[in-house]
Amino acid sequence: MPHQVHQRKFGRKTAQRRTMLKNLTLSVLRYERVKTTEAKAKEIRRFVDKMINLGKDGSLEARRRAQGWLPEQVIVEKVFDDLAKRYPDRNSGYLRMTHLARRVGDSAPLMLLELMPSVEETKTEAEAEAAPKRRRLTIPGRRAKPAAAETTKAESTKAAKASTPAKKPAVRKKTTAGAKEA
């Protein structure tokens, strides 16, 4: 009895399950972003890692193994040319799995599969965040705040008291219950 050999069956026969896994692997590598169920997502990450590692190997044997699993030659070329160069330092974990809301029809848990960005892509995102923010336009109703260095705390409290309008005395409204009492 083989121990610790687990595989999800998905209620399909072997050929159908294998075809589904091939097609889902192909979709992830083609679109780099796929929405699927949680069980399929957890199963498919093994195959995506394997294909990208074959692309990083780059040998003829690895190319033939990738062609045996992936039915489209264009995607095999993408794996060996683009994706292999995108992850030079990474050995696995090429997919980011994000939980989504449950599917409406059968309430199945969904996940979003995305290929991780390369090192260069994350650097450009960090540079974009470090760039200065756009200055907000002043809207006529918005008050301009004085600079903290120019005003002292005492001056700012005086200005705050002066700018607040005087409160009117509270006026009681007459209600029908109050009119009956009077």
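Residues numbered from 1 in each chain as written. Predicted model: local features only at pLDDT ≥ 70, side-chain atom pairs only at ≥ 80, totals over all residues. Heavy atoms only, no water.

**Q** I keep staring at the packing of aromatic side chains and nothing clicks. Help me out?
**A** Any pair of aromatic rings gets described here by the distance separating the centres and the angle formed by the planes. Counted by the stated rule, this structure contains two aromatic pairs. The interplanar angle of 10 degrees and the centroid separation of 4.9 Å between the aromatic rings of Phe47 and Trp69 together place this pair among those described as stacked. Of this pair, Phe47 sits in helix 2 (residues 38-57) while Trp69 sits in helix 3 (residues 60-69), and the two are 22 residues apart along the sequence. The pair Phe47 / Trp69 is uniform in exposure class, with both members buried. Aromatic side chains Tyr87 and Tyr94 sit 5.0 Å apart centroid to centroid with 50 degrees between the ring planes, which places their arrangement in the tilted category. Like Tyr87, the residue Tyr94 is buried in the burial classification. Seen from the ring of Phe47, Arg46 lies directly overhead, with NZ or CZ sitting 5.0 Å from the centre. Positioned above the aromatic ring of Phe80 is the side chain of Arg63, whose terminal nitrogen or guanidinium carbon lies 4.4 Å from the ring centre. (Phe/Tyr/Trp six-rings, centres within 6.5 Å; stacked < 30°, edge-to-face > 60°. Helix = DSSP H or I, 4+ residues; strand = E, 2+ residues; numbered from the N terminus. Buried < 20%, exposed > 50% of the residue type's maximum accessible area, 1.4 Å probe, protein only. Lys NZ or Arg CZ within 6 Å of the ring centre and 35° of its normal.)

**Q** Where do I start with the environment of Tyr87 in this structure?
**A** Note that Tyr87 resides in the loop between helix 4 (73-86) and strand 2 (95-99). We classify Tyr87 as buried; its relative accessible area is 3%. Measuring from C-alpha to C-alpha, the distance between Tyr87 and Pro117 comes to 8.6 Å, with 30 residues separating the pair along the chain. Sequence-distant contacts of Tyr87, defined by excluding residues within four places in its chain, comprise Ile52, Lys56, Tyr94, Leu115, Met116 and Pro117. A polar contact of 2.5 Å, which involves the side chain of Tyr87, links it to the backbone oxygen of Met116. (Contact = heavy atoms within 4.5 Å. Polar contact = N/O pair within 3.5 Å; in protein donor to acceptor, adjacent residues only side chain to side chain.)

**Q** Sorry, what's going on with the packing of helix 1 (residues 14-31) against helix 4 here?
**A** A pair of packed helices is characterised by two quantities: the angle between their axes and the separation of those axes. Where helix 1 contacts helix 4, the two axes come as close as 10 Å, and the packing angle between them is 50 degrees. By the angle between their directions, the pair helix 1 and helix 4 is classed as oblique. Two packed elements cross with a definite hand, and for helix 1 against helix 4 that hand is left-handed. Residues Leu26, Leu29 and Arg30 of helix 1 touch helix 4, and the partners they reach there are Ile75, Lys78, Val79 and Leu83. (Axes fitted to C-alpha atoms, helices over the stretch in contact; angles between N-to-C directions. Parallel < 35°, antiparallel > 145°, perpendicular 65-115°, else oblique. Left-handed = near helix turned anticlockwise from the far one by under 90°.)

**Q** What should I look at first to understand the pattern of salt bridges in this one?
**A** Working definition: two side chains of opposite charge can pair if their charged atoms are close together. Under the definition given, this model contains 10 salt bridges. Put simply, Glu77 and Arg63 hold a salt bridge, and the shortest N to O gap is 3.1 Å. Here Glu77 is found in helix 4, whereas its partner Arg63 is found in helix 3, with 14 residues between them in sequence. Taking relative accessible area as the criterion, Glu77 reaches 29% and is therefore assigned partly exposed. A salt bridge links Glu114 to Arg96, with the shortest nitrogen-to-oxygen separation between them at 3.7 Å. Here Arg96 lies in strand 2 and Glu114 lies in strand 3 (residues 110-115), a separation of 18 residues in the sequence. For Arg96, a relative accessible area of 34% corresponds to the partly exposed category. (Salt bridge = Lys/Arg side-chain N within 4 Å of Asp/Glu carboxyl O.)

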